[in-house]
Amino acid sequence: MICSLYVHVPFCAGLCDYCDFFSVAVGRGDEALMDRFVEALLADVREQLEFFQVEQVPTVFVGGGTPSVLGASRMERLLGGLAALLARRGVGEFTVEANPESADEDFLRSCRDGGVNRISLGVQSFHEPSRRAVHRVGEGSLLSERLELVSRYFPGAFSVDLMAGLPFQNETILLCDIERVLAFEPAHISLYSLTVEPGTPLERNIAGLSLPPGDEADAVWLAGRDALEAAGFEQYEVSNFARPGRQCAHNVRYWRMENWLGAGPAASGTVIAEGAASPFGRRYTYGADIAAYLSRHGSSAHVEELDRDALIRESLLMGFRYREGPDPAIFRRRFSRSIEDYIPQTIARWRERGFFAACPGHAGNLAPSGEGLLFLDGFLRDAFAELGHSVSG
Ligand code: SF4
């Protein structure tokens, strides 16, 4: 079986108000906990590789949380352990997420020497009032220094996360952030819109924050998109931009619904069996509980069965985020019919509205245009409504 691997490191130097990923704040007293965690992760990955009989692991993504808070020596141990487990399994892209406050030179050297070939750095914004308003950890003044280090250790092989719609941010501020980041020549930039997730401190404190209204926040994001495209970055997914040929292969596998293993608290993996009369998927998700993970990682996962209908819906939901659209060959192989066979009316209606664009090199794909992506929710609503009739009819 071919599976990518996602590893979740649930530790951060401090928690940002908008974040709904599972993570806990750690400090000096948590060294032993992080040591035990690394060993549990490696045991978990070993068991999963054996259980699913994984022969190839095309991509690895160590995310979180903030993997760089593990520090250089613990990262060396983690990468050394993963290298031993993944030897001869054909790893291509190997990404580690890092945040500026902990991405020091020792950490980056450990990553480079340990086989990592891509860093994803969480900058978000240089603008101090915006950072402080959402309790973003780390000093804005450190960002340029750490970007310079990352560009030295991973030249042309790193990505930067930026955010639009933050409090006290306007177009000029975002464009200035983009210009400062571009000076370090990243290969890839993710530009996320700030989202108020339920249950986050941001949601609880929203009344006291001067968040830009929705249309102003949208305008800020659009200005950022245009600046990135003008600088030669291609928008290849809702929030992701890359230099030609530098898309994140790991994330493309998610959008294509290709198998991945997930290790770590709150991580989830999805494995799809094809070839039977009906495709069948299994998603397992670990509890958001570090103690439970340390004591019995494998058995703490919640398992969800994905039947044919669920898989079709998810293939559309994920596939149309991607500018190349869902892979028609994978779709037909799994479901015996084409996407057009399932949702002909939605496709005809949205084709008239200009939702799709020609996709160079992939003439048969249903590929959303950049402007089309702005209306993705409406397209998917129609697609699911029609799918409801077509899968039951
Ligand atoms: S650093 Fe990243 S993972 Fe940690 S709390 Fe902030 S947004 Fe969430």
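Note that this is a predicted model, so its numbers are computed, not measured.

A.B. asks: Go over the packing of aromatic side chains, please, and point to the residues and values.
C.D. replies: What characterises a pair of aromatic rings is the spacing of the ring centres plus the angle enclosed by the ring planes. Applying the stated criterion across every chain yields a total of 21 aromatic pairs. Between phenylalanine 331 and tyrosine 342, the aromatic rings sit 5.9 Å apart at their centres with planes inclined by 80°, giving edge-to-face as the arrangement. With phenylalanine 331 in helix α12 (residues 328-335) and tyrosine 342 in helix α13 (residues 339-342), this pair connects stretches of sequence that are eleven residues apart. A single burial state applies to phenylalanine 331 and to tyrosine 342, both of which are buried. With centroids separated by 5.0 Å and ring planes inclined at 85°, the aromatic side chains of phenylalanine 355 and phenylalanine 356 adopt a geometry described as edge-to-face.

A.B. asks: Could you give me a rundown of the pairing of strand β8 (residues 188-193), with the residues and numbers involved?
C.D. replies: Inspection of the sheet shows strand β7 (residues 158-164) paired to β8 by six bridges, in the parallel sense. Within β8, the position partnered with serine 159 by the bridge is histidine 188. The parallel pair β7 and β8 is bridged by helix α6 (residues 171-182), and the resulting crossover is right-handed. Looking at chain direction, β8 and strand β10 (residues 240-242) are connected through three bridges and run antiparallel. When the bridges of β10 are listed, histidine 188 appears paired with alanine 242.

A.B. asks: Now, about the environment of serine 102: what can you tell me, with residues and values included?
C.D. replies: Along the chain, the position of serine 102 falls in the loop between β5 (93-98) and α3 (105-113). For serine 102, a relative accessible area of 14% puts it in the buried group. Separated by 30 residues in sequence, serine 102 and alanine 72 place their C-alpha atoms 9.5 Å apart. When near neighbours in sequence (up to four residues on either side) are disregarded, serine 102 contacts Thr66, Ser68, Val69, Phe107 and Arg146. Polar contacts involving the side chain of serine 102 include one to the side chain of serine 68, which spans 2.7 Å.

The rules behind these values
- Residues numbered from 1 in each chain as written.
- Predicted model: local features only at pLDDT ≥ 70, side-chain atom pairs only at ≥ 80, totals over all residues.
- Heavy atoms only, no water.
- Phe/Tyr/Trp six-rings, centres within 6.5 Å; stacked < 30°, edge-to-face > 60°.
- Helix = DSSP H or I, 4+ residues; strand = E, 2+ residues; numbered from the N terminus.
- Buried < 20%, exposed > 50% of the residue type's maximum accessible area, 1.4 Å probe, protein only.
- Pairing = 2+ DSSP bridges.
- Right-handed = clockwise from strand over helix to strand, strands pointing away.
- Contact = heavy atoms within 4.5 Å.
- Polar contact = N/O pair within 3.5 Å; in protein donor to acceptor, adjacent residues only side chain to side chain.

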